[in-house]
Each structure stands twice: as C-alpha cells, then as structure tokens.
Amino acid sequence: MSRILVTGGAGFLGAHFCDRLLEEGHEVLAMDNLITGEPDNLDEFFYADDFTFHEHDVTEFIHVPGELDWVVHLASLASPEFYSDHPIKTLKVGALGTHKTLGLAKEKGAKYFFASTSEVYGDPEVNPQPEEYRGNVDPFGPRSCYDESKRYGESLVRAYRNEHDLDVRIARIFNTYGPKMRLDDGRVIPTFIQQALTGDDLTVYGDGSQTRSFCYASDLIEGFRRLMESDVQTPVNLGNPDERTINDLAETVIELAGSDSDIVNEPLPPQDPKVRCPDITKARKELGWEPTVSLREGLERTMDSLPTPD
Ligand code: NAD
Ligand code: UDP
C-alpha cells in the first residue's frame, strides 16, 4: 500500500480521487488551501485512520513528514469563472505550486502525477485533438492564465523527468463532471443542472453550437489509476470522445430534470473554444482505458446525488 499526497484534495476531482485511493487501502494526505474547495467534500473520510487533511497553499514551501510514494498535483483554479477572478493565483498554482510539488517528490523519491488539461490545446484547429497537436493558445488572451500555467507546468514536469530522473505521469484532462461539483462553480454542467432544477432559464453562451465532450468522474478516476500503474511518462488525453453541442447538453439536462426551464442566449465569452474533443487512441492503446458512463447516465447520477430540497 502506498502513502499518497493529493493536492487540491478538497476539490471535485480531488475528493473522488481520495475516495478511490482510500477504498484501495492507501494512506492519503489531502492538501488544499480551500480557495474554491469545500471541506464538506471530505466529510466522509475523516473517520478513516488512513486519511489526513492539511490546509496549506501549495505555492508556499510544503513540509510533509515521513515518506511519500506519490505526489499527485491536482490543485488549481479550474473553472473559467474562478480563474478569471484570480488570474495571478491561477498562474502561481500552475507554476510555483507545480515547482514546489515537484521539489517535494524529488526530495521524497516519490513518483509524480500532474493534472494537465485539454486547455493546453487552446481553441483547437484540429478536432479531435491528439496528444501530438501543439495547440492554439493566445499567450495574452483572457484564458491564458490557466492555459499557459498548465503548459508551463507540463514543461517543468518534463524538466524534472529529464534532469532529476523523476518518474512522472501527465494527464491531459478534458471536461469532467459528476457529484461533488460546486453548483455555483460556473462550469456548464453544474450551472445547467442548478438552473433546470430551480426552473430558471438555462444560460447558453453564444449560439450554443460550440462543442465539448463530457466525461463522468468515476471514468476519469479509473483513467488516473491506470495511468499511475502504467510506465507512460508523456502526456495522455483522458476524456470522453462523445462530442456534444452546448445546445444539445442544455436540452438533455432540461429533459432529464423534467424541467419547464427555457434556454436563453447570452454573449459568448471571448476566445471560448469552438470545439473540444479528445482523441483517446493513446489511452486506449497504452492504458486499455476508455469511458463507460454515457452522458445521460452520468447526468442522472449527478442529479440523484443532490440533496432533495426540504
Ligand atoms: P476544483 O476547483 O474542484 O478543485 C481544485 C482544488 O484546488 C480546490 O479544492 C482548490 O481549493 C484547490 N487549490 C487551488 N489553488 C490551491 C493552492 N494554491 N494550494 C492548495 N490548494 C489549491 O477543480 P477540479 O475540477 O477538481 O480539478 C482538479 C484538477 O484537474 C485541476 O488541476 C484542474 O485544472 C484539472 N482539470 C479538471 C478538469 C475538469 O473538467 N474537472 C478538466 C481539465 C483539468
Ligand atoms: N457555457 C454556457 N453557459 C454557462 C456556462 C458555460 O453556455 O452557463 C458554455 C461555455 O461558454 C463553454 C462551455 O459551456 O462553451 C463549457 O464551459 P465550461 O465553463 O464548463 O468549461 P470550458 O470547457 O469552457 O473550460
């Protein structure tokens, strides 16, 4: 059994990942500064002997007593709404936070896992996006604080692999959703679910023809585990290749929620990517991984996980 540090542990994916690791019998140290994360996400783990929570900002020096087998760096501002509100913190956690966590892994002789993103491809000119695609990111654009911090993070991970022989994994994560997401985090699925369940109109930005491909949380976490168990030291796309327009998503959420909500169009945020879909050939081949939960099933499970109103 391994001793694993998970930064961003109180966030959406962090909490699912801690859950999975504890279930497998590992010792988990979750670290988070709670800038967007919710301690409630971890409530169910506090009973576990093998779980500890460490409130800490990973852009500051990280001290962890004892040995570590893995450092898993998930901490980031992750929603476009949050990273636009905190561009400097976003750049710092992708740059300084990645540097500090890499330094910790080197010190402990631990393996290192980096949560990168499909946003390294920016507003892509090829669709779907294979790992070889180098992307279309505006370095001075409104999303650059996030995109460039992750691109820099990947470069730093590669440098630690090459200079210090660190054993590294890089997941390029595409849009993922599920229980434990903050309904107010601004990302499209929690926003639409909240709107549909309260009878508000669903706010589709632009004409809704832009596409995304949505992966259910448990599928992604299975991908994380397979990547950790592999020896692939280069970036791997993890996401669901079932590409949908945002209009299609809005209609599906309204239908599944049995809602009377309408759809209203609001201005498209500048440089919102027009398409996004993972080419998962590499994950299929190298990890034997592909998603299994359909969008409808995942949306139903997500809605079922919400507390019923009094
Ligand atoms: P999230 O916002 O739910 O969780 C991120 C966590 O990081 C939060 O709990 C936040 O408090 C914490 N954090 C931020 N800055 C920190 C700092 N300086 N020190 C310590 N903790 C800090 O996001 P998520 O959806 O769970 O995403 C997890 C990781 O996966 C992120 O790195 C994100 O960029 C990446 N990712 C997620 C998606 C997705 O669709 N969910 C897609 C691509 C990439
Ligand atoms: N979006 C939308 N309405 C919302 C929130 C988002 O139409 O209330 C759109 C957004 O413009 C983008 C897509 O949904 O085209 C996905 O947005 P999200 O913020 O979830 O993540 P992104 O993939 O842009 O990082």
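Residues numbered from 1 in each chain as written. Chains lettered and ligands numbered in written order. Predicted model: local features only at pLDDT ≥ 70, side-chain atom pairs only at ≥ 80, totals over all residues.

For the chain, the name recorded in an unreviewed UniProt entry is UDP-glucuronate decarboxylase, with Halopenitus persicus as its organism. Looking at the chain in UniProt, the text filed under Subcellular location (unreviewed entry) is "Golgi apparatus, Golgi stack membrane". (UniProt positions renumbered as here; feature names shortened; annotations may be inferred.)

Asks: Help me out: how do you make sense of unusual backbone geometry in this one?
Replies: The phi angle of most residues is negative, glycine excepted, and most peptide bonds adopt the trans form. That bond from asparagine 127 to proline 128 is cis: its omega, -10°, falls within 30 degrees of zero. Mapped onto the elements of the fold, proline 128 is located in the loop between strand 5 (111-117) and helix 4 (144-164). The phi dihedral of leucine 34 is positive, around 60°, even though this residue is not glycine. Structurally, leucine 34 is set in the loop between strand 2 (27-32) and strand 3 (51-55). (Helix = DSSP H or I, 4+ residues; strand = E, 2+ residues; numbered from the N terminus.)

Asks: How should I be thinking about the site of ligand 2 in this particular structure?
Replies: Lining the immediate surroundings of ligand 2 are 15 residues, of which Arg187, Val188, Thr191, Thr203 and Tyr205 lie closest. Of all the elements in the fold, those that place two or more residues in the shell around ligand 2 are helix 5 (188-198) and strand 8 (202-205). The residue makeup of the shell around ligand 2, split by class, is 7 nonpolar, 5 polar and 3 charged. (Near = placed C-beta within 6 Å. Nonpolar A, V, L, I, M, F, W, Y, C, P; charged D, E, K, R; others polar.)

Asks: Explanation requested: the environment of glycine 14 in the structure shown.
Replies: Along the chain, the position of glycine 14 falls in helix 1 (residues 12-23). Here glycine 14 falls in the buried class, since 24 other C-beta atoms lie within 10 Å of it. Taking the C-alpha atoms as reference points, glycine 14 and valine 72, separated by 58 residues in sequence, lie 9.4 Å from one another. (Buried ≥ 20, exposed ≤ 12 C-beta atoms within 10 Å, placed from the backbone.)

Asks: How do you make sense of helix 4 when you look at a structure like this?
Replies: For an α-helix, 3.6 residues make a turn, and residues three or four places apart therefore share a direction. Taking 1.5 Å of rise per residue, 21 residues should cover 30 Å, and helix 4 covers 29 Å from first to last C-alpha, within 8% of that figure. Those residues of helix 4 lying buried are Ser144, Tyr146, Asp147, Glu148, Ser149, Lys150, Arg151, Gly153, Glu154, Val157 and Tyr160. Residues of helix 4 that are buried make contact with helix 2 (80-85), helix 3 (87-108), strand 5, strand 6 (168-173) and strand 11 (235-238). (Expected span 1.5 Å × (residues − 1). Contact = placed C-beta atoms within 7 Å.)

Asks: What is the right way to look at the site of ligand 1 in this model?
Replies: Neighbouring residues of ligand 1: 28 residues in total, closest Gly8, Gly11, Gly37, Ser76 and Ala78. Looking at the shell around ligand 1, the elements that each hand over two or more residues are helix 1, helix 3 and strand 5. Across the shell around ligand 1, the residue classes tally to 13 nonpolar, 13 polar and 2 charged.

Asks: Would you take a moment to explain the domain arrangement of the chain for this structure?
Replies: Think of interface size as the accessible area that goes away when the parts come together; that is how it is often given. Domain boundaries assigned for the chain yield domain 1 (3-178 + 215-241 + 277-292) and domain 2 (188-210 + 243-276 + 296-304). On a C-alpha basis, the centroid separation for the pair domain 1 and domain 2 is 26 Å. Classifying every residue of the side of domain 1 that touches domain 2 by side-chain character gives 8 nonpolar, 5 polar and 3 charged. (Domains from an automatic or database assignment.)

Asks: Just to check I follow, could you spell out the sheet that holds strand 3 for this structure?
Replies: Backbone-to-backbone hydrogen bonds join strands into a sheet, with any given pair of strands oriented parallel or antiparallel. With parallel pairing, 7 strands are arranged side by side in an open sheet as 3-2-1-4-5-6-11. For this open sheet the edge positions go to strand 3 and strand 11, each flanked by a neighbour on one side alone. Along the sheet, successive strands turn relative to each other by an average axial angle of 20°, direction set aside. Pairing of strand 5 with strand 6 involves 6 bridges; the strand directions are parallel. In the sheet register, threonine 117 faces strand 6, and the bridge partner there is isoleucine 173. (Pairing = 2+ DSSP bridges. Axes fitted to C-alpha atoms, helices over the stretch in contact; angles between N-to-C directions.)

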